[in-house]
Amino acid sequence: MSISSINYSSSILGSQIRNINQQLTDLSTQLSTGKLSQNYSGMGTNEGFAIAGRAQLSNIAAYTDTMTNVNVSINLANTALQSLTTIRNTVQTGSANTAQDLNVNGQTVAQNTAAAQFGSMVGVLNTQSGNRYLFSGTAFNTPSVANAGDIINGTTTQAGFKTVMAERQAADLGANGMGRLVLATPQPTPSSVKVSEDAPASPFGLKIAAVSSTLTGATVTGPSGSPVSFSVDLNGVNPNNGDKLSVQFTLPDGSTEQIDLTASTATPTPVGSFAIDASVPVNPNNTATNLNTALNTAIKKLAGTSLVAASAVTAGDNFFNTAGSATANVAATGNLLSYTSTTGTGSVALQDSALAIASTTTSLDSSATPHLNGTILNALANAPTGTTLTITGASGAHTITFDPTVTTVTTASGNTTIGLASGSAAKVSDILNAIATAAGIPAANVTLSAGGNIQIATGTGTDVAVTGGAAATALGLGSVTRGSVASTPQITGSTVLSGTATTGGPEVLSAAFQAPDTITVNGQTLTFVASGAIGPNQINITDNITTLLGKIDQITGTTKPSTIHGGVITINTDDPGSLNITSSNSTAFAALGFTTSPVTAAKAPLRVGSSPLGSATTLVNGSATTVQWYLGNDGPGSPRSTAMARVDDSVTVQYGAQANEDAIRKELQAVAVFGTFSTSPTGQYAGGQVAALSLRVTQALTKQPGQQRIEDIQTDIAMAQNTMKDASSRQTQAKAQLQTIIDQAESAPPDQVASEILSLQNALQASYQVTSNLAQLSLVKFL
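These remarks concern the structure in this document.

What counts, and where the lines are drawn
- Residues numbered from 1 in each chain as written.
- Predicted model: local features only at pLDDT ≥ 70, side-chain atom pairs only at ≥ 80, totals over all residues.
- Heavy atoms only, no water.
- Phe/Tyr/Trp six-rings, centres within 6.5 Å; stacked < 30°, edge-to-face > 60°.
- Buried < 20%, exposed > 50% of the residue type's maximum accessible area, 1.4 Å probe, protein only.
- Helix = DSSP H or I, 4+ residues; strand = E, 2+ residues; numbered from the N terminus.
- Pairing = 2+ DSSP bridges.
- Axes fitted to C-alpha atoms, helices over the stretch in contact; angles between N-to-C directions.
- Parallel < 35°, antiparallel > 145°, perpendicular 65-115°, else oblique.
- Left-handed = near helix turned anticlockwise from the far one by under 90°.
- Contact = heavy atoms within 4.5 Å.
- Nonpolar A, V, L, I, M, F, W, Y, C, P; charged D, E, K, R; others polar.
- Salt bridge = Lys/Arg side-chain N within 4 Å of Asp/Glu carboxyl O.

Examining the packing of aromatic side chains
Consideration 1: Summed over the entire model, instances satisfying the criterion amount to 7 aromatic pairs.
Consideration 2: Between Phe-319 and Phe-320 the ring centres are 4.8 Å apart and the planes differ by 70°, which places this aromatic pair in the edge-to-face class.
Consideration 3: Its relative accessible area of 3% is what places Phe-319 among the buried residues.
Consideration 4: A residue is classified by how much of its surface remains accessible, and Phe-320, at 2% relative accessible area, is buried.
Consideration 5: Ring-pair connections join several aromatic residues into one group, and the members of that group are Phe-161, Phe-319, Phe-320, Trp-629 and Tyr-630.

The structure is reproduced here in structure tokens:
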């Protein structure tokens, strides 16, 4: 019998001991490292979950780094925006201060402060986060705005804002300092005044908006014509003390100002008044001259104060704003078929007692010198009862009674009694006024011709019927009937785009649009339809020009509505570079005043277009010769979208900003205007200029409904921070959950490992004892 050798290393027991040793080694490693294994093969079946979880943790770490960097940029931007808010409040407080003490440079302390704050704003807008300029949009490697000194003063080759402002002021004031208005010299008639704009389609100066009058006996005509004008005719009648003429003007910045001139008998004549002639005999023509002088003074004051301020504000818009406008080439005309004024001229030439041509001041008192010809007076007096003249107009029949027993002139309910007794104060002008009152037409429509004939022009209201009789025969009067004629007045907002002009109907465009004509605005087609227009891209041919301009504005998205003034259309746009308007009906398009196609707008910065500046009529693109204040990105889309970051698997935030955003640009513009403007400290209107400018700057820095504010930008980027905060909270929770999964898959529980080690140690000790006993076994013992 053979006996196998009892070899420890090759025995089954030895193999078990080695296994126990290996297990103890592995458990000791687990206990010291806390990991199940030092390699993936020993991790078990759940290691796939751990690997995926670890990848997600890596992504979260990357998102956390991104959010940290974005938060740094947002915090810096918010600090910068808060600085802009502080600057705005500082300048606004200064501009609202009524103190207008000027230093030797023609500026107030508040203006000096604004000039310094402008430099601070430029520094704030060029804030960087690392190598990124925060207010340059996608052009983050480029400073947001140019150097403050260059913006204001220009460079050796390009003009700055100060030059643009000076040019604009010269163009708005005009050579005569009247705001591009012209007072007719000599006056149209001895008893009238006339004021006109100097050019029909100029963006400069004062624009006549409205005129109203309570001047007794006076006639106001206009505003109308091209260029726009108005006239006031006293008609040989002195106004009463306290009667008033009011003229409203539109200024270049869109604001309105009104001149009020009051007729006065006070001596000296109060400011804002004109003297009623008090000579003997009274001469209303002198009153007209006084009115003309007062108008001249008032317009110069308005031009020298509010217009100068409005010009500075508008220059700021021309330099800093990207908006622009396109003005029609000519004042367009419409077509109106209506009854028009027909003048009826009396058959008798009125003479005075000296056989000279009578005037409006010729007396009706037979004892006065001179008086109306005795033959006519006798026929009117028809002693002892007098005569009656019946006139029928728009308000029915009214009578004029010539009474030889009274010395006064009285009017009641359209009926007038004219006294012819000795000592009467009545004049030929009272006859003319009585006819106008009875007919219900303006006093200016009843006049005395150079030959002494009474003339009656009905206007457009009604026919004038004169009942025959001794009075009518003596004065040579007859009925006047209107005539129906076609005319071509200037187009207005109420001019209809198509149709047939009818008597009493609206004005119709002379060359009409028809269905399916089109006007293409920036690539979008506006189609004319016969009726039932729907949406922004259709318009009825029976609509008017105001509706058409509204449709065009809706397409362009302009924040400043387009206008029509003096028959001239101005299309406003926030993006002049893209404005392009054409029409399939070139004839009707030309009837709107657009004689060249396409209609485009000059790009900012805008400069006065010709020399001499005082007679310029255009604004042109000045980019080649003017400092560009904004240097960053100016592409389409939201400024916020110019900086984006992914902060979660499905979440991105937008936190970009641009210095040319409305809120920032308007503040920078207002501060620049206020800090740059200066005037002569000894100038006649210096205080008024600064006061008017201060008011406008205060308004510009005051929040207006619907306009962006600095706080709106802060709110936008705060929302980005809130989004990141929410994402960070979710990711923190996810990190904890993922770490649990990893720990469960890879970690070795120390209590369990210690227990297993103790158990193995006991087993190993027992194994060693058995091995030891077996190691002492001999053949003898075995046998």
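Overview of the environment of Gly-688
Consideration 1: Mapped onto the elements, Gly-688 comes out in helix H13 (residues 686-700).
Consideration 2: Sequence separation of Gly-688 and Gln-100 is 588 residues, and the distance between their C-alpha atoms is 8.8 Å.

Let's talk about the sheet that holds strand S26 (residues 563-565)
Consideration 1: On the basis of which strands lie adjacent, the open sheet formed by 3 strands has the order S11-S27-S26 and antiparallel pairing. Each edge of the open sheet is held by one strand with a lone partner, namely strand S11 (324-327) and S26. Here the strands of the sheet are splayed against their neighbours by 25° on average, with no regard to which way each runs.
Consideration 2: Pairing of S26 with strand S27 (residues 568-573), which is carried by 3 bridges, proceeds in the antiparallel orientation. In the strand pairing of S27, His-565 is matched with Val-568.

Looking at the pairing of strand S4 (residues 192-197)
Along a regular strand, successive side chains alternate from one face of the sheet to the other.
Consideration 1: Within S4, 5 of the 6 residues are buried, which leaves it mostly tucked inside the rest of the structure.
Consideration 2: Judged from the 3 bridges that link them, strand S3 (residues 181-183) and S4 form a sheet pairing that is antiparallel. Residue pairing across strands places Leu-181 opposite Glu-197, the latter belonging to S4.
Consideration 3: Bridge count for S4 against strand S7 (residues 229-233) is 5 bridges, and the pairing is antiparallel. Residue pairing for S7: Val-195 is matched across the bridge by Phe-230.

A short note on the packing of helix H6 (residues 284-320) against helix H12 (residues 662-676)
Consideration 1: Running from N to C, H6 and H12 point in directions that differ by 135°, and their axes come no closer than 9 Å. Taken together, H6 and H12 sit at an angle that is classed as oblique. Where H6 crosses over H12, the two elements pack in a sense that is right-handed. Between H6 and H12, the contacting residues are Ala-312, Val-313, Gly-316, Asp-317 and Phe-320 on the first element and Arg-665, Leu-668, Gln-669, Ala-672 and Val-673 on the second.
Consideration 2: In terms of residue class, the contact of H6 with H12 is made up of 6 nonpolar, 2 polar and 2 charged.

Brief notes about the pattern of salt bridges
Consideration 1: With the rule as written, the count across this model stands at 13 salt bridges.
Consideration 2: Here Arg-180 ties to Asp-198 by a salt bridge, and the two come within 2.6 Å at their closest N and O atoms. Here Arg-180 is found in the loop between helix H5 (161-173) and S3, whereas its partner Asp-198 is found in the loop between S4 and strand S5 (207-213), with 18 residues between them in sequence.
Consideration 3: Overall, the relative accessible area of 3% leaves Arg-180 in the buried class.
Consideration 4: Owing to a relative accessible area of 33%, Asp-198 belongs among the partly exposed residues under this scheme.
Consideration 5: In this structure, Glu-711 and Arg-709 form a salt bridge, with 3.9 Å as the shortest nitrogen-oxygen distance.
Consideration 6: Under the relative-accessibility criterion, Glu-711 is labelled partly exposed at 30%.
Consideration 7: Put simply, Arg-88, Arg-709 and Glu-711 are held in one network by salt bridges that share partners.

Looking at the sheet that holds strand S14 (residues 387-393)
Consideration 1: On the basis of which strands lie adjacent, the open sheet formed by 5 strands has the order S16-S17-S15-S14-S20 and mixed pairing. Every other strand in the sheet has two partners, leaving strand S16 (409-412) and strand S20 (465-466) as the edge strands with one partner each.
Consideration 2: Here strand S15 (residues 396-403) pairs with strand S17 (residues 415-419) via 4 bridges, running parallel. Within S17, the position partnered with Asp-403 by the bridge is Gly-419.

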